[in-house]
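Residues per chain are reported as follows:
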Amino acid sequence: MASSTLICDTEPWKDLKNHVQEIKKTHLRDLMSDTDRCQSMMVEFDGILLDYSRQNATLKTMDKLYQLAEAAQLNNKINQMYNGEKINSTENRSVLHVALRAPRDAAINSDGKNVVPEVWKVLDKIKEFSETIRSGSWVGATGKVLKDVVAVGIGGSFLGPLFVHTALQTDLEAIECARGRQLQFLANVDPIDVAKSITGLNPETTLVVVVSKTFTTAETMLNARTLREWISTALGPSAVAKHMVAVSTNLTLVEKFGIDPNNAFAFWDWVGGRYSVCSAVGVLPLSLQYGFSVVEKFLKGAWSIDQHFISAPYEKNIPVLLGLLSIWNVSFLGHPARAILPYSQALEKFAPHIQQVSMESNGKGVSIDGMPLPFEAGEIDFGEPGTNGQHSFYQLIHQGRVIPCDFIGVVKSQQPVYLKGEVVSNHDELMSNFFAQPDALAVGKTPEQLQKENVAPHLIPHKTFSGNRPSLSLLLPSLNAYNIGQLLAIYEHRIAVEGFIWGINSFDQWGVELGKSLATQVRKQLHASRMKREPIEGFNFSTTTLLTRYLEASSDIPSDPPTLLPRI
Ligand code: F6P
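Predicted model only: the values in this text are computed from it and were never measured.

This part is about the packing of aromatic side chains. All told, the structure shown has 19 aromatic pairs when counted by the stated rule. Seen in terms of ring centroids, Phe382 and Phe393 are 5.2 Å apart; in terms of plane orientation they differ by 70°. Their pairing is edge-to-face. Here Phe382, found in strand E11 (residues 380–383), pairs with Phe393, found in the loop between E11 and helix H17 (394–399); they are 11 residues apart in sequence, far enough to count as distant. On the basis of relative accessibility, which here comes to 23%, the residue Phe382 falls in the partly exposed class. Exposure remark for Phe393: the relative accessible area of 18% places this residue in the buried category. An angle of 55° between the planes, with centres 6.3 Å apart, marks the rings of Phe500 and Phe507 as tilted.

Before going further, it helps to examine the sheet that holds E11. Strand order across the open sheet formed by 6 strands is E1-E2-E13-E12-E10-E11, with mixed pairing between neighbours. With one partner strand each, in any of the chains shown, strand E1 (42–45) and E11 form the two edges of the open sheet. Taken over all neighbouring pairs, the strand axes of this sheet differ in orientation by 15° on average, direction set aside.

Close to the ligand lie 14 residues, the nearest being Ser157, Ser212, Thr214, Thr217 and Glu360. One of the side-chain nitrogen or oxygen atoms of Thr214 is found 2.6 Å away from an oxygen atom of the ligand. Between the ligand and the protein, one listed contact pairs an oxygen atom with a side-chain N or O atom of Gln356 at 3.3 Å. Relative to its free-state accessible area of 390 Å², the ligand is covered by the protein chains to the extent of 87%. For the shell around the ligand, a count of residues per class yields 2 nonpolar, 9 polar and 3 charged.

What follows deals with the environment of Gly386. Within the element layout of this structure, Gly386 appears in the loop between E11 and H17. Gly386 sits in the buried class, given a relative accessible area of 4%. Sequence separation between Gly386 and Gly444 is 58 residues, and the spatial gap between their C-alpha atoms is 19 Å. Residues in contact with Gly386, not counting those within four places in the same chain, are Pro342, Tyr343, Ser344, Tyr394 and Leu430.

In terms of domain boundaries, the chain breaks down into domain 1 (7–71 + 312–506), domain 2 (109–297) and domain 3 (517–568). Centre-to-centre, using C-alpha coordinates, domain 1 lies 34 Å away from domain 2. Contacts between the two partners involve 23 residues from domain 1 and, on the opposite side, 20 residues from domain 2. A buried area of about 1900 Å², summed over both sides, lies between domain 1 and domain 2, and 63% of it is on carbon and sulfur atoms. Counting the contacts that link domain 1 with domain 2 gives 1 salt bridge. Taken together, the links from domain 1 to domain 2 amount to 10 residue pairs in polar contact (both at pLDDT 80 or more). In terms of residues, the side of domain 1 that touches domain 2 owes the most to one element, helix H16 (residues 350–362), which gives 7 residues. Class assignment of the residues belonging to the side of domain 1 that touches domain 2 gives a composition of 11 nonpolar, 7 polar and 5 charged.

Another point: the sheet that holds strand E7 (residues 206–211). Reading across the sheet, the 5 strands line up as E6-E5-E7-E8-E9 and stay open at both edges, with parallel pairing between neighbours. Either end of the sheet is taken by a strand with one partner, and the two such strands are strand E6 (182–186) and strand E9 (264–266). Averaged over neighbouring strand pairs, the angle between their axes works out to 20° when direction is ignored. Here 3 bridges tie strand E8 (residues 244–248) to E9, and the two strands are oriented parallel to one another. From the neighbouring strand, Val247 faces E9, where its bridge partner is Phe265. With respect to the sheet, helix H6 (residues 116–135) is in contact with E7, E8 and E9, its orientation differing from that of E9 by roughly 150°.

About the thresholds
- Residues numbered from 1 in each chain as written.
- Predicted model: local features only at pLDDT ≥ 70, side-chain atom pairs only at ≥ 80, totals over all residues.
- Heavy atoms only, no water.
- Phe/Tyr/Trp six-rings, centres within 6.5 Å; stacked < 30°, edge-to-face > 60°.
- Helix = DSSP H or I, 4+ residues; strand = E, 2+ residues; numbered from the N terminus.
- Buried < 20%, exposed > 50% of the residue type's maximum accessible area, 1.4 Å probe, protein only.
- Pairing = 2+ DSSP bridges.
- Axes fitted to C-alpha atoms, helices over the stretch in contact; angles between N-to-C directions.
- Near = heavy atom within 4 Å.
- Polar contact = N/O pair within 3.5 Å; in protein donor to acceptor, adjacent residues only side chain to side chain.
- Areas by Shrake-Rupley, 256 points an atom, 1.4 Å probe, with all protein chains shown as cover.
- Nonpolar A, V, L, I, M, F, W, Y, C, P; charged D, E, K, R; others polar.
- Contact = heavy atoms within 4.5 Å.
- Domains from an automatic or database assignment.
- Buried area = accessible area lost by both parts, 1.4 Å probe.
- Salt bridge = Lys/Arg side-chain N within 4 Å of Asp/Glu carboxyl O.

As structure tokens, then:
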């Protein structure tokens, strides 16, 4: 396919469009009774089992999807990514997050240079620094051990590290390594988040890690200045050197901010923000909390999937299969959303992380060459851990809209609980739901079945489940640092596959810029109106009215107020 040809103009795309009618005549109730089909729709790699037999798809559909992948030159695009080609063309950047988890002896090039030694230089520095902090050889301004960390960052400089931290928090090995330590995150520019993130913390024992790829993000920089004030108010301005470090690609701005460049941890423009959890963005705060050896296992898990993704044939390649099925659901069957349903409370921050990775990557309206797309790309991701989601939005998924679901289960709980006399262990109870829900969606319940159960006729329509609702199941052996790395990489690559097939640039994010620049205009107006009582100008009627109400109702705020920090 020539690069300027849209994927929807290719024969395999048209063929899949025609195939939809054939699939619409099937029902998962019947498809699920074909054991050979189901067996062919199970794939295993490195302890992870993927079962996609509950997709509205036959083996013929899969063949057609592989042809679509060929038409999109999927393998070629994956290779280009691993070879450091500048596939993020609107920013003229390579996309090399795989290099962040490569072993020391690997070679991955960007601009003709092997970047793996640089990656390991930073990893070694993090290892040494985190050990210095954790062992107490580096102490704060008043001589106390820095046992608490606040990581300040937003978007990709927050969501990935939060997901991994939340997942590790209940893992036995990680708990042991984190004993006596605390890791908090500060993302929202809302001062309430400042208050929440420092509640219970003592500046004397706190290390602040400012995480920002650009070191210009408005929210992060204001939050960083706020915590700098919190530290210097309590301990004096010179304490900042001992209590603040940074992670960024922009070391010049780090220094300007007042952080010693020796206490800055670099990463590179070939790491996209939302793909940066395996860089110092995640590795530094997580190593401070859990020690480098735990985080190294996480990197190894991700690397295992990286190897699988680059080498396995389509039909055995978990991220490729997931990506193709997403394309099938979104672009052909017309299901724009996807529910991410981990049956593990430890994965409660997984869906919020994937929301950014997926929706910031693939929420695009033009092809990589700038041609308007005549189809919709991207998908709406949301999710909650089971069983909480079951008591919330599953009603809609069972009887309302069709939303393809990802069920993610874990064989061995991080925190097993057995009660004498109970029918099953607590984890078995949880997993009973993991195994039951996909069949409830796929098979449903017919009016005939309800009649046989003597259900009152007027209730039959309400109690009928149409079934035929697609899902897939991913079963992980356990949820340790290694498995968490695997899960992350599976989703990162799945999202890349979707973008490669749709023919978009999954690695830029121009759509976030307009709101930022309009906020700059509002910020200027708020300053001018509060400080100089200047009238509101340049906004439409609606915004002017809202701003007027806001300013009038908060006119008791002095025009030049003294510094005020949270009072929690
Ligand atoms: O939301 C836009 C964005 O640029 C994300 O892509 C990024 O993860 C986030 O802002 C934070 O950016 P930075 O790490 O540069 O502060």
